[in-house]
Amino acid sequence: MSLHFLLTNTQAKIYQLPELVGSRVRLTGWVHRLRMQKTNYFVVLRDGSGPLAQLVLTGDCIKTLDALDLTVESTIEVTGTVQKVKEGQSAPQGVEIIVDWWKILGRAPSGDDAFEGRLKADTEPQIRADLRHLELRGETATAVMRFRAALLREFREHFYRNRITEVTPPCMVQTSVEGGSTLFAFDYYGAPAYLTQSSQLYLETVLPSLGDVYCIQESFRAEKSLTRRHLSEYTHLEAELVFIEFKDLLDHLENLICDVVDSLLKDPVASEILKTLNPNFVAPQRPFLRLDYRDAIKYLNEHGIKKEDGTDHVVGDDIAEAAERKMTDQINRPIMLINFPKHLKSFYMKAIPGDEEFTESVDVLMPNVGEVVGGSMRIADFDELMAGYKREGIPHEPYYWFTDQRKYGTTEHGGYGLGVERLLAWFLNRYTVRECSLYPRYMGRAKP
């Protein structure tokens, strides 16, 4: 075969193939599936661009040493002609490649170390976690990661359309946001420092210069919890909005979630993934149920949902995750649980005017997952914030840069944090948020 013949083709990605019917192309990728017959090899190829491609090898193409050595997950290079599949037959994107030349670029093992034997349906969770780098090659994990990318893109598009500016706060900090018990501490040039639990305080500091702002980055919580909705490192979408009231914050959250859902349902790739992984998904209807904390306590008691010790709930209780999820699953629609008691919430949350023992706060709860968003109006008054520090036993001096926001032109503002992995678990009906993280980190797991 002449060099000229090898060069007269189009270097292509698999997603481009439907537009190249009748053309001769060159593809490179991984052997995703392999079926060997006496006169034909059928290879399903993956190159990471999205869809898969069906290759047909026949004749001299299967009379080579490479043909004898071909294994699943080997990387190969092929050239061939793109053809529509015959009527009554099926292939990804409705096309296949009739291969006229190919070679192995990187051979994957066979025998005991073959890819197919490393991960099976009954493989133990700890082994699956050890082999996450291989599991990510599977169709389900790939689909989750591709949908995750689409979700983050749509969040950014929503914020861009609404003139909310992205910023990147630090992840190494010397103050806490959610209390010291869940901080990862480390030595910072001889001084104590922590991995951030939340970027909220830093977002507030740029409201006077940039207006409404958001960030999408990692947060860290050292909770010794192994529930299916907890991670030690998770992707945290946080936003702070200025010149708003509590109702505006609730409306914003509802609009954000519904707008992103609508956009993903219109996206051909994301909607196909959603249809495959969660065929029963139904877009949430507006308005979301806005449920006062005290009414939630009544609901729990009226529906026999007890505390962990078997007793009824009373106002002032921190509703446990199990009870909260049971209530959400029974109601079976998104819930905005609002107006939590002050003693359950952080020092910076604003009290309800005239109802000072409760706060203008909100948790957004989704069926099958529970809490996906936590937010509140923030204290705008200098003296009230100082009282908040004192109430929680927090020294105010290290927070001078945060307190100054109430000193130099304070105003009403509020914000929230959204757990991306939890929202993904709701979208795609995943059993655990660990499936929604590239390399999940949780108690006892920091590899690979």
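This text gives an overview of the structure that appears in the document. (Residues numbered from 1 in each chain as written. Predicted model: local features only at pLDDT ≥ 70, side-chain atom pairs only at ≥ 80, totals over all residues. Heavy atoms only, no water.)

### A closer look at the packing of helix α6 (residues 139-161) against helix α10 (residues 268-277)
Each pair of packed helices can be described by the angle between their axes along with the distance between the axes. We count it as follows: Lines fitted to C-alpha atoms define the axes here, with helix axes fitted over just the stretch in contact, and angles between the N-to-C directions of these axes take values from 0 to 180 degrees. In DSSP terms, a helix is any run of H or I states spanning at least four residues, a strand is any run of E spanning at least two, and both are numbered starting from the N terminus. What sets the label is the angle itself: under 35 degrees gives roughly parallel, over 145 gives roughly antiparallel, 65 to 115 gives roughly perpendicular, and the rest give oblique. Rotating anticlockwise by less than a right angle from the far helix to the near helix defines a left-handed crossing, while the corresponding clockwise rotation defines a right-handed one. We call two residues contacting when some pair of their heavy atoms lies within 4.5 Å. Throughout this entry, Asp, Glu, Lys and Arg are counted as charged residues, while Ala, Val, Leu, Ile, Met, Phe, Trp, Tyr, Cys and Pro are counted as nonpolar. The remaining residues, Gly among them, count as polar.
Relative orientation of the contacting elements α6 and α10 amounts to 135 degrees, with a least axis distance of 10 Å. Classified by the angle their axes make, α6 and α10 are oblique. In the crossing of α6 with α10, the sense of the turn from one axis to the other is left-handed. On α10, the residues touching T140, A143, V144, R146, F147 and A150 of α6 are V269, A270, I273, L274 and L277. In terms of residue class, the contact of α6 with α10 is built from 9 nonpolar, 1 polar and 1 charged.

### With respect to the sheet that holds strand β13 (residues 289-292)
Keep this limit in mind: Pairing between strands requires that DSSP locate at least two bridges from one strand to the other.
Pairing is mixed in the open sheet, where 8 strands are placed in the order β7-β11-β12-β19-β18-β17-β14-β13. Either end of the sheet is taken by a strand with one partner, and the two such strands are β7 (165-166) and β13. Strand direction decides the pairing type here: β13 and strand β14 (residues 335-338), joined by 4 bridges, are parallel. Paired with D292 across the two strands is I338, which belongs to β14. Those strands touched by helix α15 (residues 420-428) are β12 (233-242), β17 (361-366), β18 (370-378) and β19 (413-419), and its axis lies near 60 degrees from that of β19.

### Focus on the nonpolar core
Selection criterion: Throughout this description, the term nonpolar core refers to a set of buried Ala, Val, Leu, Ile, Met, Phe, Trp, Tyr and Cys residues connected via side-chain atoms within 4.5 Å. Residue burial is assigned from relative accessible area. The probe radius is 1.4 Å, only protein chains are included, and a residue is buried under 20% of its type maximum, exposed over 50%, and partly exposed in between.
Among the nonpolar cores identified, the biggest contains 58 residues, and F147, L151, F155, V364, Y416, F427 and L428 are the most heavily contacted of them. Apart from residues no more than four positions distant in its own chain, L151 is found in contact with V260, L264, V420, L423, L424 and F427. Counting 25 residues, the second-largest nonpolar core is a separate cluster that includes L20, L55, L57 and V95.

### Let's talk about the environment of V213
Position of V213 among the secondary structure elements: in strand β11 (residues 213-220). Under the relative-accessibility criterion, V213 is labelled buried at 0%. Measuring from C-alpha to C-alpha, the distance between V213 and V373 comes to 17 Å, with 160 residues separating the pair along the chain. With near-sequence residues (within four places) excluded, V213 lies in contact with I164, T165, V167, L203, V206, L207, E238, A239 and E240.

### Overview of the layout of surface pockets
To find the voids left in a structure, one rolls a probe of water-molecule size over its atoms. Formally: A cavity here means a set of points on a 1 Å grid, drawn over the protein atoms and nothing else, where a 1.4 Å probe fits but cannot get out; a pocket is an open set with protein on both sides within 12 Å along at least five of seven lines, and a residue lines either one if it has an atom within 4 Å of a point. Grid points are joined across faces, edges and corners, and a volume is the space filled by probe spheres set on the points.
Roughly 1400 Å³ of internal volume is contained in the largest pocket. As for the largest pocket, its lining consists of 50 residues, and the residues nearest its centre are E178, R221, E223, K345 and E371. When contributions to the lining of the largest pocket are tallied by element, the ones reaching two or more residues are β12, α12 (321-331), β17, β18, β19 and α15. Per-element accounting of the lining of the largest pocket gives the leading share, 6 residues, to β18. Classifying every residue of the lining of the largest pocket by side-chain character gives 19 nonpolar, 16 polar and 15 charged. Estimated volume of the second largest pocket: approximately 800 Å³. Taken together, 35 residues make up the lining of the second largest pocket; nearest its centre are L119, R128, R132, E135 and E435. At the level of elements, β2 (24-36), α3 (115-118), α4 (125-130), α5 (132-135) and α6 are the ones that each hand at least two residues to the lining of the second largest pocket. The class makeup of the residues in the lining of the second largest pocket is 14 nonpolar, 8 polar and 13 charged.

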